[in-house]
Amino acid sequence: ITGSSMIELGGAVALLGKFELGVAMPFYSQNGEALGDPMVEYTTAPAEGTATGDLRVHGKVGLVRKQLEGDGLFALAGSIGLTLPTATDGQLTGTDNPVARVLTLMTLTPGTLQNRITLTTNLGAVIRAAAKYKNLEQKSGVVWGLGASVRIANPLWIAGEMFGVLVPSGRTEMDSATTVLSRI
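About the cut-offs
- Residues numbered from 1 in each chain as written.
- Predicted model: local features only at pLDDT ≥ 70, side-chain atom pairs only at ≥ 80, totals over all residues.
- Heavy atoms only, no water.
- Helix = DSSP H or I, 4+ residues; strand = E, 2+ residues; numbered from the N terminus.
- Pairing = 2+ DSSP bridges.
- Core = buried A, V, L, I, M, F, W, Y, C linked by side-chain atoms within 4.5 Å.
- Buried < 20%, exposed > 50% of the residue type's maximum accessible area, 1.4 Å probe, protein only.
- Contact = heavy atoms within 4.5 Å.
- Salt bridge = Lys/Arg side-chain N within 4 Å of Asp/Glu carboxyl O.

1. Looking at unusual backbone geometry
Here is step 1 of the chain: For the peptide bond that leads from N154 to P155, omega is -5°, which places it in the cis range.
Here is step 2 of the chain: Residues other than glycine seldom take positive phi values, yet L16 does so here, at roughly 55°.
Here is step 3 of the chain: Here L16 lies in the loop between β1 (3-15) and β2 (19-31).
Here is step 4 of the chain: Even without a glycine there, the phi angle at D71 is positive, about 70°.
Here is step 5 of the chain: For D71, the position within the fold is in the loop between β4 (55-68) and β5 (72-84).

And the structure:
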């Protein structure tokens, strides 16, 4: 794939002040070119044109919501998400099997500094069938995220976040038949 653009359409609805249900569907426009000489090495047709990704549905439930001193807030929630394999075949835009995510979500807004700082964290599991490509293996693991936002002036906020997936033994040794691409 030499170029890819994605737009995601989705929505969520809050219910009874404690629950949330949502759905999202990504759509891709991409182009590419086959790599290598098919007479010498393995090559494949490129991902080309428009494609759909995998449909995702999720549900959240608020578990704890506690007011803190100085008008601060602590909130704890649980979330479960399901990714369904609806991607266009041959376009590298999805998985072959369903994927589940189970998360614990936490938000803390300290009452100090006039509630200008909000800290968030997510921790949970991604549950999926193992899939292997060359020397990489994608399988179940731990998902995490950390975030912070600072209110500069109403309604202007600056936010930063980092997140990832930890997959135990997600990389295997390469065999002699594997082609290694050098860095550009």
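Additional details are given in the paragraphs that follow.
2. A few points about the pairing of β1
Here is step 1 of the chain: With 13 bridges connecting them, β1 and β2 associate as antiparallel partners. Bridging across to β2, S4 finds its partner in Q30.
Here is step 2 of the chain: Between β1 and β2, which pair antiparallel and follow one another directly, the connecting turn spans 3 residues, one of which, L16, has a positive phi of 55°.

3. Let's talk about the nonpolar core
Here is step 1 of the chain: Counting residues in hydrophobic clusters, the biggest one holds 6 residues: A77, V99, L103, L105, V126 and V143.
Here is step 2 of the chain: The biggest single contributor to this core is strand β6 (residues 99-109), with 3 residues.
Here is step 3 of the chain: When neighbours within four sequence positions are excluded, V99 is seen to be in contact with G81, L82, T83, V126, I127 and R128.

4. A few points about the pattern of salt bridges
Here is step 1 of the chain: Going through the model one piece at a time under the given rule, you end up with 2 salt bridges.
Here is step 2 of the chain: For the salt bridge of R56 with E8, the shortest nitrogen-to-oxygen distance reads 3.0 Å. A residue pair is termed long-range when its members are at least 10 positions apart, and R56 in strand β4 and E8 in strand β1 qualify at 48 residues.
Here is step 3 of the chain: With a shortest N-O distance of 3.7 Å, K60 and E20 are connected by a salt bridge. Of this pair, K60 sits in strand β4 while E20 sits in strand β2, placing them 40 residues apart in sequence.
Here is step 4 of the chain: Judged by its relative accessible area of 23%, E20 falls in the partly exposed class.

5. Concerning the environment of F74
Here is step 1 of the chain: Note on placement: F74 falls in strand β5.
Here is step 2 of the chain: The class for F74 is partly exposed, based on a relative accessible area of 23%.
Here is step 3 of the chain: Sequence spacing of F74 and M106 is 32 residues, and the spatial spacing of their C-alpha atoms is 7.5 Å.
Here is step 4 of the chain: With residues near it in sequence (within four places) discarded, F74 still touches V64, R65, K66, L68, M106, T107 and L108.

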